[in-house]
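Structure at a glance
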Amino acid sequence: MAEDFKVTPWEVTGDIDYDVLMKKFGTTPIDDKLMKRLSRYGEPHPMLRRGIFYTHRDVDVLLDEYEKGNEFYIYTGRGPSGNTHLGHIMPWILNKWMQDTFKCKMLFQMTDDEKFLFKDLTLHDTRNMAYENALDFVALGFDPEKTKIIVDTENIKTLYPLALRVAKKVTFSTAKAVFGFDGESNIGRIFFTTLESAPAFIPTEIEGKPTRVIIPCGIDQDPHFRVTRDVAPGLGYPKPTMLYCKMCPGLSGGDKMSSSDENATIYTTDTPKQVKKKVGRAFTGGCVSVEEQRQNGGNPEVCAVFKYNYYLFEHDDAKLNEMAEKCRNGEILCGECKVALTQKINVFLEAHQAKREEAKEIVDKMTFEGFKW
Ligand code: TRP
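The residue numbering used here restarts from 1 in each chain and proceeds along that chain's sequence as written. Under the rules for a predicted model, residues below a pLDDT of 70 receive no local features and side-chain atom pairs below 80 are neither given nor counted, while totals for whole chains, interfaces and linings still include all residues. Side-chain metrics rest on all non-hydrogen atoms present in the structure, leaving aside hydrogens and water.

Some points on the sheet that holds strand β5 (residues 73-78)
- Paired strands, in this sense, are two strands between which DSSP finds at least two bridges. Secondary structure counts use DSSP, requiring at least four H or I residues in a row for a helix and at least two E residues in a row for a strand, with both numbered from the N terminus. Read across the open sheet, the 7 strands follow the order β3-β4-β9-β8-β5-β6-β7; overall the sheet is mixed. Since the sheet does not close on itself, it has two edges, and those belong to β3 (28-29) and β7 (147-151), each with one partner.
- Pairing of strand β4 (residues 53-57) with strand β9 (residues 241-245), which is carried by 4 bridges, proceeds in the antiparallel orientation. Its bridge partner lying in β9, Thr-55 is registered against Tyr-244.
- Sheet strands touched by helix α4 (residues 59-67): β4, β8 (213-218) and β9. Its angle to β9, the strand with the most contacts, is close to 130 degrees. Contacts are assigned to residue pairs that have any heavy atoms within 4.5 Å of one another. Think of each axis as a best-fit line through the C-alpha atoms, taken over the contacting stretch in the case of a helix, with angles from 0 to 180 degrees between the N-to-C directions.

Digging into the side chain of Arg-127
- Within the fold, Arg-127 resides in helix α7 (residues 123-139).
- Only 3.2 Å separates the side chain of Arg-127 from the backbone oxygen of Lys-372, close enough to count as a polar contact.
- With residues up to four places along the chain from it excluded, the contact list for Arg-127 reads Asp-112, Val-151, Thr-153, Glu-154, Phe-371, Lys-372 and Trp-373. Between N or O atoms, a polar contact is any pair within 3.5 Å; within protein, one atom must be a potential hydrogen donor and the other a potential acceptor, and residues adjacent in sequence are included only when both atoms are from side chains.

Concerning the domain arrangement of the chain
- Domain annotation for the chain reports domain 1 (5-251) and domain 2 (262-357).
- In this document the domain limits rely on a domain assignment from an automatic tool or a database. Between the C-alpha centres of domain 1 and domain 2 the distance comes to 29 Å.
- Contacts between the two partners involve 24 residues from domain 1, matched on the other side by 26 residues from domain 2.
- Summed over both partners, the accessible area (1.4 Å probe) lost when two parts come together is defined as the buried area. In total, domain 1 and domain 2 occlude about 2,300 Å² of area from one another, counting both sides; carbon and sulfur atoms represent 64% of this.
- A pair is scored as a salt bridge if a Lys or Arg side-chain nitrogen falls within 4 Å of a carboxyl oxygen belonging to Asp or Glu. At the surface where domain 1 touches domain 2, the tally comes to 4 salt bridges.
- Residue Arg-356 is joined to Glu-132 by a salt bridge in which the shortest nitrogen-to-oxygen separation is 3.0 Å.
- Run the count over domain 1 and domain 2 and you get 15 residue pairs in polar contact (both at pLDDT 80 or more).
- Only α3 (46-49), α5 (86-102) and α7 provide two or more residues apiece to the side of domain 1 that touches domain 2.
- Gly is placed with the polar residues, together with every amino acid not listed as nonpolar (Ala, Val, Leu, Ile, Met, Phe, Trp, Tyr, Cys and Pro) or charged (Asp, Glu, Lys and Arg). Looking at the side of domain 1 that touches domain 2 residue by residue, the classes come out as 14 nonpolar, 5 polar and 5 charged.

Some remarks on a negative patch on the surface
- Judged by side-chain charge, Asp-4, Asp-15, Asp-17 and Asp-19 come together as a negatively charged surface patch.
- Take Asp-17: it is sitting in the loop between β2 (11-14) and α1 (18-25). Residues forming no salt bridge and having over 30% relative accessible area are the ones grouped into patches, like charges within 9 Å of each other and nonpolar side chains (Val, Leu, Ile, Met, Phe, Trp, Tyr) within 5 Å. The protein chains shown are the only cover counted for residues, whose accessible areas, like all others here, come from Shrake-Rupley with a 1.4 Å probe. In this tally Asp and Glu are treated as negative and Lys and Arg as positive; neither His nor the chain ends contributes. To locate a charge, take NZ of a lysine, CZ of an arginine, CG of an aspartate or CD of a glutamate.

Points about the site of the ligand
- Any residue with a heavy atom lying within 4 Å of a molecule or strand is counted as near it. In the vicinity of the ligand there are 14 residues, among which Tyr-75, Gly-79, Gln-109, Glu-114 and Glu-196 approach most closely.
- Separating a nitrogen atom of the ligand from a side-chain N or O atom of Gln-109 is a distance of 2.9 Å.
- Across the complex, the protein chains shield 91% of the 360 Å² of accessible surface that the ligand would expose by itself.
- Contributions of two or more residues to the shell around the ligand are made by β5, α6 (112-118) and β8.
- Per-element accounting of the shell around the ligand gives the leading share, 4 residues, to β5.
- Residue composition of the shell around the ligand, grouped by class: 4 nonpolar, 6 polar and 4 charged.

Some points on the pattern of salt bridges
- Under the counting rule described, the total for this entry stands at 22 salt bridges.
- Across the pair Asp-222 and Arg-57 runs a salt bridge, and its minimum N-O distance is 2.9 Å. Of this pair, Asp-222 sits in helix α12 (residues 222-235) while Arg-57 sits in strand β4; the two residues are 165 residues apart in sequence, bridging distant segments of the chain.
- Among the residues examined, Asp-222 registers a relative accessible area of 0% and is labelled buried. Partly exposed residues are those whose accessible area sits between 20% and 50% of the maximum for their type, while under 20% is buried and over 50% is exposed, using a 1.4 Å probe and protein chains only.

Here's the deal with unusual backbone geometry
- At Asp-58, a residue that is not glycine, the phi angle is positive and equals roughly 70 degrees.
- When you line up the elements, Asp-58 lands in the loop between β4 and α4.
- For Asp-58, a relative accessible area of 22% translates into the label partly exposed.
- Its identity is not glycine, yet Lys-103 carries a phi of approximately 50 degrees, on the positive side.

Considerations on a positive patch on the surface
- A cluster of basic side chains, namely Lys-273, Lys-276, Lys-277 and Arg-281, defines a positive patch on the protein surface.
- With respect to the helices and strands, the residue Lys-277 is situated in helix α13 (residues 272-280).
- Given the relative accessible area of 53%, Lys-277 is considered exposed.

Right under this line is the structure:
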């Protein structure tokens with residue numbers, strides 16, 4: 001069967017079939033047994049319950065070790081290429097749940113080097129964006145005592161020896177096969193993956209004993225971590241545990257919220273008016289006329305407004321089901337759903353923006369090895 005979608009760390013296109021992707025990458029579905037096991041530590045986050053985080057590598061192994069008293073770290077990151085939008089925040093919210101539930105230490109990597117190498121940006125641009133994005137990360141309430149933010153160009157002294165050891169184990173053929181590089185790829189891109197591996201090994205270095213990490217993130221990052229997991233044992237580190245989510249959909253009906261589609265992307269710094277306008281233009285599952293929709297109903301399956309409730313803004317399953325039901329029956333129309341979603345997003349953003357201001361006071365204390373913003 002021809003694949004009509006593409007998912008790599010740098011490009012996501014087409015209509016993603018997440019089951020096919022899981023099989024292609026070789027990750028394991030999160031089944032009932034694992035969900036039950038996770039529930040023993042606390043109420044699973046709706047993103048787990050709803051299958052937004054849907055696949056993993058070795059979460060069971062991590063829990064086995066945890067039950068023997070071996071603490072683990074959380075590691076995730078962001079490539080600072082532009083303002084933070086809801087699609088970036090989505091996996092961070094699950095990371096926050098993870099830290100609250102397991103009380104673990106956490107590393108957050110800002111790959112300013114990556115975005116310099118892969119985008120038309122200067123190092124100055126990516127460094128500034130790292131700061132702006134860090135404010136959004138901090139605003140979500142990660143424990144300032146337990147969380148450190150790595151910026152690659154600042155913390156390179158610690159990262160470099162780890163990256164080098166990874167680099168020595170990865171051939172150009174592997175990099176080409178995993179990432180699709182060719183003769184035109186700049187050589188920084190080829191080396192970069194080693195820097196995304198490095199933080200997975202820092203906890204073992206800090207603790208002075210084998211220390212596992214769990215990396216909750218978008219499934220598009222799996223190519224990097226397949227490499228990380230392959231080389232880990234040979235370098236004397238535990239393989240990182242992976243927990244993957246689907247991409248956050250865009251408002252225009254696409255599979256991924258993306259800055260290349262500004263009008264369908266909600267930034268954390270958007271004003272209530274901008275949100276209203278963007279949600280107002282969102283793709284829905286409605287009919288062309290009110291009469292038709294009253295009679296035939298709409299289709300929540302394809303509706304971006306419904307997806308936003310499902311992914312982020314309506315945690316109550318009963319309310320969500322009622323919303324879908326009323327849509328299918330033609331009882332509620334797209335306009336009403338848009339008004340309600342706009343309000344939910346604006347309530348969230350108002351609180352987030354206040355916390356983002358407060359983050360300016362805390363962010364300095366959360367830098368890895370105390371670098372200065
Ligand atoms: N490459 C990621 C991006 O472009 C950033 C990143 C670095 C990351 N380390 C990570 C993402 C670990 C998830 C987990 O956004």
